[in-house]
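# Fold and contact review
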Amino acid sequence: MDATLHAMHAALRAGGHLALESRNPDDRAWERWKRAATYEQIDSPYGPLTCWLELVSVENGRVRFEGHNVFTATGEVLVMSSELRFRSLTELSTSLTNAGFIVEHIYGDWRRGSVISASRILVFIARRD
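A brief structural summary. (Residues numbered from 1 in each chain as written. Predicted model: local features only at pLDDT ≥ 70, side-chain atom pairs only at ≥ 80, totals over all residues. Heavy atoms only, no water.)

For the structure shown, the criterion picks out six salt bridges. Residues Asp27 and Arg32 are paired through a salt bridge, measuring 2.6 Å at the closest nitrogen-oxygen approach. A relative accessible area of 13% places Asp27 in the buried class. Note on Arg32: relative accessible area 31%, which makes it partly exposed. Residues joined in a network through salt bridges with shared partners are Arg62, Arg64 and Glu83. (Salt bridge = Lys/Arg side-chain N within 4 Å of Asp/Glu carboxyl O. Buried < 20%, exposed > 50% of the residue type's maximum accessible area, 1.4 Å probe, protein only.)

So, on to the sheet that holds strand E5 (residues 77–85). In spatial order, the strands read E2-E3-E4-E5; together these four strands make up an open sheet with antiparallel pairing. On the outer flanks of this sheet lie strand E2 (40–44) and E5, each paired with one strand and no other. Each adjacent strand pair in this sheet contributes to an overall mean axis angle of 30 degrees, direction not counted. Note that strand E4 (residues 62–71) and E5 share nine bridges and pair antiparallel. Across the sheet, Glu66 pairs through a bridge with Ser81, a residue of E5. (Pairing = 2+ DSSP bridges. Helix = DSSP H or I, 4+ residues; strand = E, 2+ residues; numbered from the N terminus. Axes fitted to C-alpha atoms, helices over the stretch in contact; angles between N-to-C directions.)

This part covers the environment of Gly100. With respect to the element layout, Gly100 can be found in the loop between helix H3 (89–98) and strand E6 (101–107). Residue Gly100 is classed as partly exposed on the basis of its relative accessible area, which comes to 32%. The spacing of Gly100 and Pro25 is 75 residues in sequence and 24 Å in space, taken between C-alpha atoms.

Attention now goes to the pairing of E2. Note: E2 against strand E3 (residues 47–59), five bridges, orientation antiparallel. Across the sheet, Ser44 pairs through a bridge with Gly47, a residue of E3. What sits between the antiparallel neighbours E2 and E3 is a turn of two residues.

Right, dumping it as structure tokens:
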């Protein structure tokens, strides 16, 4: 992420702004990634599809999970493994500052709400000097 932030900083003119959204680790979204909570049946371009998420592991801010997809018409099952890194407000602020940005605002949503532990996302507004 640091290389990406440095590249974004270099691409902006002085006074330019970056708006960045990240998941809030304090919300612990991964605790909701269970079959019962994420199970759904949808119509996809390839026919009816049943899908759900299952948590695999949580370690050092990294969350591993699997997305299960069952195509009803064919019985084909696709399981996709994914990993997300949940970085804290402090970690993200430090990364932005280290890349040369000035963090002007941090919100708990795109409507400029306050950051609380239940905020699902963190929205950073940073400026290049």
